[in-house]
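# Structural characterization, general
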Amino acid sequence: MKKIMEGSHAVALAVKQSDVKVISAYPITPSTPIVEGYAKFLSDGYVDGEFIMVESEHAAMSGCIGAAAAGGRVATATASQGLALMAETLYQASGMRLPIVLNLVNRALASPLNVNCDLSDMYMVRDSGWIQLDAFNAQEAYDLNLIAFRVGEDHDVRLPVVVNQDGFLTSHTAQGIRPLSDDDAYNFVGEYKPMNE
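Predicted, not measured: the structure shown is a model, and the values here were computed from it. (Residues numbered from 1 in each chain as written. Predicted model: local features only at pLDDT ≥ 70, side-chain atom pairs only at ≥ 80, totals over all residues. Heavy atoms only, no water.)

### Structural notes on the environment of Thr170
Let me state the cut-off plainly: Put simply, DSSP marks the helices as runs of H or I at least four residues long and the strands as runs of E at least two long, and each gets a number from the N terminus on. Each residue gets one of three labels from its accessible area relative to the maximum for its type: buried under 20%, exposed over 50%, partly exposed in between, using a 1.4 Å probe on protein chains only. Should any heavy atoms of two residues lie within 4.5 Å, those residues are considered in contact.
Tracing the backbone shows Thr170 in the loop between β7 (161–166) and β8 (174–177). The buried category is assigned to Thr170, whose relative accessible area is 2%. The spatial distance from the C-alpha of Thr170 to the C-alpha of Ser8 is 7.7 Å, given a sequence separation of 162 residues. When sequence neighbours within four positions are dropped, the list of residues in contact with Thr170 reads Glu6, Gly7, Phe136, Asn137, Ala138, Gln165 and Gln175.

Below you can see the structure in the form of structure tokens.
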């Protein structure tokens, strides 16, 4: 059934349907609605997981690394300056081959302040060892999140994945999407199997 959703809300739905157990996050515009959406699903009892609110984006990815190393399906979201602060930790995640999914809502890096859509944040971490997928619209943002978990967690891959979407142009624009049912989405992603079982 077709639904009207902003790109960020479509991602929150995909994260819920993937049965993410931990989101560690620090809010930054325009990625905040993704983690807010997960927190709402959690508070309403639709998700059995943990939302860890931390003091910075560096700490957010550090929390994701710890949760993924402990065997959980993990995700987060950030943008722009948040990714710049998080960048140091990205290399640990890829070096440890932890299949974390990071939703990067692309926004220009500040100079001195910029809230426009721009891909400078995405390019800043292109060589960090993360797979990067790029969504053109809300449907692709939804679909690519499901694909990100399936690909990143594959035992022949085992790498973290960034899913990019344009800040405001996709993240805050209501568009028609066709989400899968909860069961079909989860069956596509599959049960999470930690490496050290």
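More follows now that the structure is in view.
### A closer look at unusual backbone geometry
Most of the time, phi is negative for any residue but glycine, and the peptide bond is trans. Between Thr29 and Pro30 the backbone carries a cis peptide bond, its omega angle lying at 5 degrees. Looking at the element boundaries, Pro30 is found in the loop between β2 (22–25) and α2 (32–43). That bond from Ser111 to Pro112 is cis: its omega, -5 degrees, falls within 30 degrees of zero. You can see Pro112 is positioned in the loop between β5 (101–106) and α5 (120–124). With a phi angle near 60 degrees, Asp19 is a residue other than glycine that sits in the positive phi range. Mapped onto the secondary structure, Asp19 falls in the loop between α1 (7–17) and β2. One non-glycine residue, Phe168, lies in positive phi territory at about 70 degrees. As for its position among the elements, Phe168 is in the loop between β7 and β8. Judged by relative accessible area, which is 29%, Phe168 ranks as partly exposed.

### Thoughts on the sheet that holds β5
Backbone hydrogen bonds hold the strands of a sheet together, and the pairing may be parallel or antiparallel. For the record, the criterion: Strands are treated as partners if at least two bridges between them are detected by DSSP. Whenever a helix is involved, its axis is fitted only over the stretch in contact; in every case the axis is a line through C-alpha atoms, and angles between N-to-C directions fall within 0 to 180 degrees.
A sheet is described by the order of its strands in space; here six strands give the open sequence β3-β2-β4-β5-β7-β6, paired in parallel fashion. Every interior strand has two partners, whereas the edge strands, β3 (50–53) and β6 (131–134), have only one. Adjacent strand axes in the sheet meet at a mean angle of 20 degrees, parallel and antiparallel pairs treated alike. Of the strand pairs in this sheet, strand β4 (residues 74–78) and β5 are connected by four bridges, and their pairing is parallel.

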